[in-house]
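# Architecture and fold: a report
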Amino acid sequence: MNKNQAGILGIGSYIPEKIVTNKDLEKIMNTSDEWIVERTGIHERRVAADDQATSDLATEAARRALEDAGIGPDELDLIIVATVTPDMSFPSTACLVQNNLKAVNAAAFDLTAVCSGFVYGLAVGSQFIQTGLYKKVLVIGAEALSRIMDWTDRNTGMIFGDGAGAVVLGVTSPGCGILGIHLGSDGSGGDLLKVSAGGSRLPASLDTVAKRQHFIYMNGKEVFKFAVKIMGDAANKALENAKLTAADIDCFVPHQANIRIVQSAAKRLGFPMEKVVVNVDKYGNTSAASIPIALDEAVKSGRIKNGNTILLVGFGGGLTWASSVIKWCKG
Ligand code: COA
């Protein structure tokens, strides 16, 4: 048994105030509230204010997680921000957060694994705790997807939303904390979900802007098929890694992409929906932020209690997937 067992010491999230409902979308794209609710389960999503960037959402979630953990920013050794909507190419959003928090002793970097990013961050951050190199690591999933989605494209424009969630990792009691982790990728599916331009392959130009290549492109049908299969596979791998089975899980916190994907994963794993955390109806798909936001809400509402065993599963562009089994022993 590792004497530096890594676990979550504090959690927080931040959701921007502005609500965009399906009815609002009806006014700007050829869609309907009924269609969106039936195909995705989404009723509304949040959108960052004009003066809010990803680092602002991330900083607020981080402050709440630090308060929940009862530690000061100067105690942080490392900040990892999982995002696909950084404020800019560089400096990293993690460095911007480090400065906002005045986390003067922390290293900082961003991590890109799209909607799997938070669980990837959990995996990376927990390694530093387990080796004993670091005592406190802040892992944040934060996105301002409203800035890279095409508000005129009904194939993608109704799915995404903005928000941030954060956890403080540290040493927890033996038998508690992160019991299992599984990460995976399949780059051959990279074209299914992407933003083509603005990088070194297709630098920003008048042509890329005219062709709307700075917005999210998604092959919804293929991503859906991938998601339904990978959610179950990834969950089973993390359970195997933790030497547990689905019957040991008290609460399932899946990536909030689409209610139909969540329901099919729950069915395959044998979870009644009462065990599944769902908030996609309120926030849409907030990519790397979706799991920590859902986890925070489940903890704060008392749905996840001390001693519960929980399962997190994310999937997304890359393609990537990531899962983790955690024994919740906080507080
Ligand atoms: N409003 C109204 N009609 C729409 C629409 C919208 N927002 N989007 C698509 N349609 C239309 C299509 O044009 C199509 O019309 P047609 O039959 O006349 O061509 C019809 O509805 C069916 O479209 P289709 O793409 O087959 O729908 P779908 O059942 O696959 O649902 C998604 C589309 C995007 C909701 C679904 O594929 C999905 O959720 N995929 C996974 C996305 C995801 O999770 N991405 C994030 C991964 S991290």
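Residues numbered from 1 in each chain as written. Predicted model: local features only at pLDDT ≥ 70, side-chain atom pairs only at ≥ 80, totals over all residues. Heavy atoms only, no water.

### Comments concerning the sheet that holds strand β6 (residues 137-144)
Pairing is mixed in the open sheet, where five strands are placed in the order β1-β7-β6-β4-β5. The sheet is open, and its two edges are formed by β1 (6-14) and β5 (107-111), each paired on a single side. Direction aside, the axes of adjacent strands within the sheet are offset by 20° on average. As paired strands, strand β4 (residues 78-82) and β6 are joined by five bridges and run parallel to one another. Residue pairing in the sheet places L78 in a bridge with V137 of β6. Running at roughly 130° to β1, helix α3 (residues 54-69) makes contact with β1, β6 and β7 (162-171) of the sheet. (Pairing = 2+ DSSP bridges. Helix = DSSP H or I, 4+ residues; strand = E, 2+ residues; numbered from the N terminus. Axes fitted to C-alpha atoms, helices over the stretch in contact; angles between N-to-C directions. Contact = heavy atoms within 4.5 Å.)

### Side note on the packing of α3 against helix α4 (residues 93-101)
Running from amino to carboxyl end, α3 crosses α4 at an angle of 55°, the nearest separation of the two axes being 9 Å. As the angle between them shows, α3 and α4 are arranged oblique. Helix-helix and strand crossings are classified by hand; for α3 and α4 the assignment is right-handed. Across the interface between the two elements, T54, S55, A58, T59, A62, R63 and L66 of α3 pack against T93, L96, V97, N100 and L101 of α4. Residues that form the contact of α3 with α4 fall into these classes: six nonpolar, five polar and one charged. (Parallel < 35°, antiparallel > 145°, perpendicular 65-115°, else oblique. Left-handed = near helix turned anticlockwise from the far one by under 90°. Nonpolar A, V, L, I, M, F, W, Y, C, P; charged D, E, K, R; others polar.)

### Side note on the packing of aromatic side chains
On inspection of all chains with the given rule, the structure shows four aromatic pairs. When the ring of F226 is compared with that of W321, the centres are 6.0 Å apart and the planes differ by 55°; the resulting orientation is tilted. With F226 in helix α7 (residues 220-241) and W321 in strand β13 (residues 320-327), the pair connects residues that are 95 residues apart, well separated along the chain. By the burial criterion, F226 is buried, and W321 matches it. With 5.2 Å between their ring centres and 40° between their planes, F252 and F271 make a pair best called tilted. Taken together, the residues span a long stretch of sequence, with F252 in strand β11 (residues 251-254) and F271 in the loop between α8 (259-269) and α9 (280-283) at a distance of 19 residues. A residue is classified by how much of its surface remains accessible, and F252, at 0% relative accessible area, is buried. One aromatic cluster is present, built from ring pairs that chain together F226, F315 and W321. (Phe/Tyr/Trp six-rings, centres within 6.5 Å; stacked < 30°, edge-to-face > 60°. Buried < 20%, exposed > 50% of the residue type's maximum accessible area, 1.4 Å probe, protein only.)

### A short note on α7
In this model α7 runs 31 Å from its N-terminal to its C-terminal C-alpha over 22 residues, within 8% of the 32 Å that 1.5 Å per residue would give. For α7, the set of buried residues is V223, F226, A227, I230, M231, G232, A234, A235, A238 and L239. Remark: K243 follows α7 within two positions and exhibits a positive phi of approximately 60°. (Expected span 1.5 Å × (residues − 1).)

### Some words on the domain arrangement of the chain
Partitioning the chain into domains gives domain 1 (6-175) and domain 2 (178-327). Computed over C-alpha atoms only, the centres of domain 1 and domain 2 are separated by 14 Å. Contacts between the two partners involve 50 residues from domain 1 and, on the opposite side, 45 residues from domain 2. With both sides pooled, the region where domain 1 packs onto domain 2 buries about 3700 Å², and carbon together with sulfur makes up 66% of that total. Looking at the side of domain 1 facing domain 2, the largest losses of area belong to I11, C115 and V119, adding up to 17% of the total buried there. Remark: the boundary between domain 1 and domain 2 carries one salt bridge. (Domains from an automatic or database assignment. Buried area = accessible area lost by both parts, 1.4 Å probe. Salt bridge = Lys/Arg side-chain N within 4 Å of Asp/Glu carboxyl O.)

### Quick notes on the nonpolar core
The biggest cluster of nonpolar side chains holds 45 residues, and the ones touching the most others in it are F252, F271, L311 and F315. When residues of this core are traced back to their parent elements, those giving at least two are α7, α8, β12 (309-316) and β13. Examining the composition of this core, we find that nine residues originate from one element, α7, more than from any other. Counting contributing residues, this core receives three or more from each of domain 1 (6-175) and domain 2 (178-327). Leave out the neighbours within four places in its chain, and F271 touches A246, I249, F252, A266, V276 and L311. Judged by nonpolar contacts, the second largest core, of 35 residues, contains V119, L295, A298 and I304. (Core = buried A, V, L, I, M, F, W, Y, C linked by side-chain atoms within 4.5 Å.)

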